[in-house]
Amino acid sequence: MNLVNMDAENRVVLNVGGIRHETYKATLKKIPATRLSRLTEALANYDPILNEYFFDRHPGVFAQVLNYYRTGKLHYPSDVCGPLFEEELEFWGLDANQVEPCCWMTYTQHRNTQETLAVLDRLDLDTEKPSDEEIARKFGFEEDYFKGTLSWWQMMKPKIWSLFDEPYSSTAAKVIGVLSVFFICVSILSFCLKTHPDMKVPVIKTIALRTASNGTDFFLEKRDTEAHVAFFYIECICNAWFTFEILVRFIASPNKCEFINASVNIIDYIATASFYIDLALRRFGSHLENADIMEFFSIIRIMRLFKLTRHSSGLKILIQTFRASAKEFTLLVFFLVLGIVIFASLVYYAERIQTNPGNDFKSIPLGLWWALVTMTTVGYGDMVPKTYIGMFVGALCALAGVLTIALPVPVIVSNFAMYYSHTQARAKLPKKRRRVLPVEPTRGPRIPGQCSTGDRGGPPGGTTGPAAAQDKRMNAIKSNNPKESMLGASMPKLGLIGVTSSLNPNGVGLESNPAFLLGKPKFEPSPTSQPTQVNLAQSSGQCYTTLKSTN
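Residues numbered from 1 in each chain as written. Predicted model: local features only at pLDDT ≥ 70, side-chain atom pairs only at ≥ 80, totals over all residues. Heavy atoms only, no water.

1. Brief notes about the sheet that holds strand β1 (residues 11-16)
Pairing between the strands of a sheet is mediated by backbone hydrogen bonds and can be parallel or antiparallel. Judged by pairing direction, the sheet is mixed, and its four strands sit side by side in the order β2-β1-β4-β3 without closing on themselves. In the strand order of this sheet, the two ends are held by β2 (19-24) and β3 (46-47), each with one partner. Both β1 and strand β4 (residues 52-55) contribute to a ladder of three bridges, which runs parallel. In the strand pairing of β4, N15 is matched with F54. Each of β1 and β2 touches helix α3 (residues 59-71); the most contacted strand, β2, lies at about 5° to it. (Pairing = 2+ DSSP bridges. Helix = DSSP H or I, 4+ residues; strand = E, 2+ residues; numbered from the N terminus. Contact = heavy atoms within 4.5 Å. Axes fitted to C-alpha atoms, helices over the stretch in contact; angles between N-to-C directions.)

2. Comments concerning the pattern of salt bridges
With the rule as written, the count across this model stands at 15 salt bridges. Across the salt bridge formed by D268 and K307, the nearest N and O atoms sit 3.0 Å from each other. Of this pair, D268 sits in helix α13 (residues 263-284) while K307 sits in the loop between α13 and α14 (313-324); the two residues are 39 residues apart in sequence, bridging distant segments of the chain. For the residue pair D268 and K307, the accessibility class agrees, reading buried in each case. Here the salt bridges do not stand alone but share partners, grouping E245, D268, R304 and K307 into one network. (Salt bridge = Lys/Arg side-chain N within 4 Å of Asp/Glu carboxyl O. Buried < 20%, exposed > 50% of the residue type's maximum accessible area, 1.4 Å probe, protein only.)

3. Concerning the side chain of T387
Turning to its location among the elements, T387 is positioned in the loop between α16 (364-375) and α17 (388-406). Given a relative accessible area of 4%, T387 falls into the buried group. Among the polar contacts listed, one links the side chain of T387 to the side chain of E351, at a separation of 2.7 Å. Among all residues touching T387, those that are not within four sequence positions of it are A350, E351, Q354 and N356. (Polar contact = N/O pair within 3.5 Å; in protein donor to acceptor, adjacent residues only side chain to side chain.)

So, in structure tokens, the structure goes:
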């Protein structure tokens with residue numbers, strides 16, 4: 001029976017989330033410096049009545065954790081979210097990087113999702129109105145908000161900012177947003193239409209000539225054409241609105257540095273400044289020869305279209321897709337440049353092998369243009385190979401271009417679909433959730449053999465100390481405790497009892513280990529046929545056999 005007690009002492013019962021797991025202490029020692037490798041009966045979560053350790057953790061994850069101790073392989077349960085799995089591993093003191101390769105891709109999906117959600121948070125796609133506390137924190141006067149000492153400007157500044165920068169915050173903000181989009185479209189339309197010949201008027205100069213009779217004669221000379229004066233007034237009105245909008249948004253912005261460094265705002269600065277520079281040159285520098293060069297910089301006014309991203313979440317997602325696909329675009333450009341150089345060189349020498357009086361490829365740089373047009377499947381037809389070898393090179397160039405361009409396209413489409421699906425999911429996600437208070441149960445350390453009065457259903461005012469603990473242990477339901485299962489079983493009274501069944505270290509199946517077996521009782525009568533009896537020690541709760549006296 002000493003073997004029975006030895007094996008019982010080597011086993012440990014772990015109650016995780018209401019599900020009991022039984023294993024050997026040696027199994028938990030396989031991975032040192034973890035929570036399970038340092039279990040002692042002095043811990044607060046040890047229950048001496050049920051002889052088990054209780055952990056209020058996720059039982060499904062713990063099944064994989066315990067299997068990691070048994071087999072040395074950590075697998076990821078597919079029915080558990082990734083952050084929860086990481087929290088559980090951190091609680092048990094395990095490294096998340098030990099997940100097996102077969103589960104690694106599934107396990108790391110939540111990290112990609114978290115990165116995507118962080119990007120969407122920076123894009124500010126939420127259309128919900130923030131609370132007063134969030135607004136105060138954003139503008140940096142949270143302390144005054146809690147004290148109730150907000151000034152008139154502190155109360156008006158967030159409203160002005162929402163009015164001009166958050167089109168979905170109110171009806172007035174929507175009106176101003178529509179007005180801003182209207183001026184952007186009118187400005188770009190005016191910029192394009194004023195270059196049309198039908199929209200231009202001739203610049204006529206009156207020239208005076210002296211006649212032979214010392215008289216003066218006047219005639220008109222058409223020097224040039226310029227845009228109609230109506231376009232100038234349209235530009236003045238539109239840029240007056242843009243200037244007013246920039247100044248108001250700058251004054252009411254919560255962070256001046258972020259506002260100045262924003263890419264969309266930089267485009268707005270330059271586009272507005274180009275109008276005033278052009279206006280100054282027309283007024284004071286019209287006599288300069290290179291004054292028309294400044295008109296080239298007015299093309300940046302078209303970039304005001306990017307201001308529409310403030311009013312469209314789809315444009316924000318599209319721009320973010322291009323940013324996220326920068327590596328794929330770089331790879332695409334690299335292979336395009338490589339193919340252009342190779343096929344330009346090949347077609348140059350292929351056209352020179354045979355007699356070709358109408359050769360269009362006079363040099364390799366000219367072949368670079370042909371290779372670019374061919375690989376991008378444009379095919380202007382201004383340069384074509386005329387020999388059979390050149391045609392073969394041209395066919396290879398076209399096929400290589402199709403494959404090169406088609407390879408990164410699925411990645412870009414996948415990135416756009418990922419951002420768009422997460423944006424739609426965030427829009428349907430409820431903003432207000434029930435707050436869960438972080439309250440932890442407080443339990444003092446339990447000492448084996450002692451328990452408080454009335455604990456675990458004991459009678460108040462009853463006996464205390466080892467005797468009371470033993471009485472409660474005898475009445476508790478402990479199906480997984482080897483000691484108690486032996487105490488509750490009916491014991492044969494004839495002969496010496498030998499228990500001959502054991503569990504393997506994995507806790508599954510039977511082995512032929514004679515140390516401790518919980519199977520069939522085997523009767524081994526003593527050679528002297530002297531009667532024996534089984535006794536229970538009240539102090540330690542252990543069984544032992546003695547020989548009956550023959551007196």
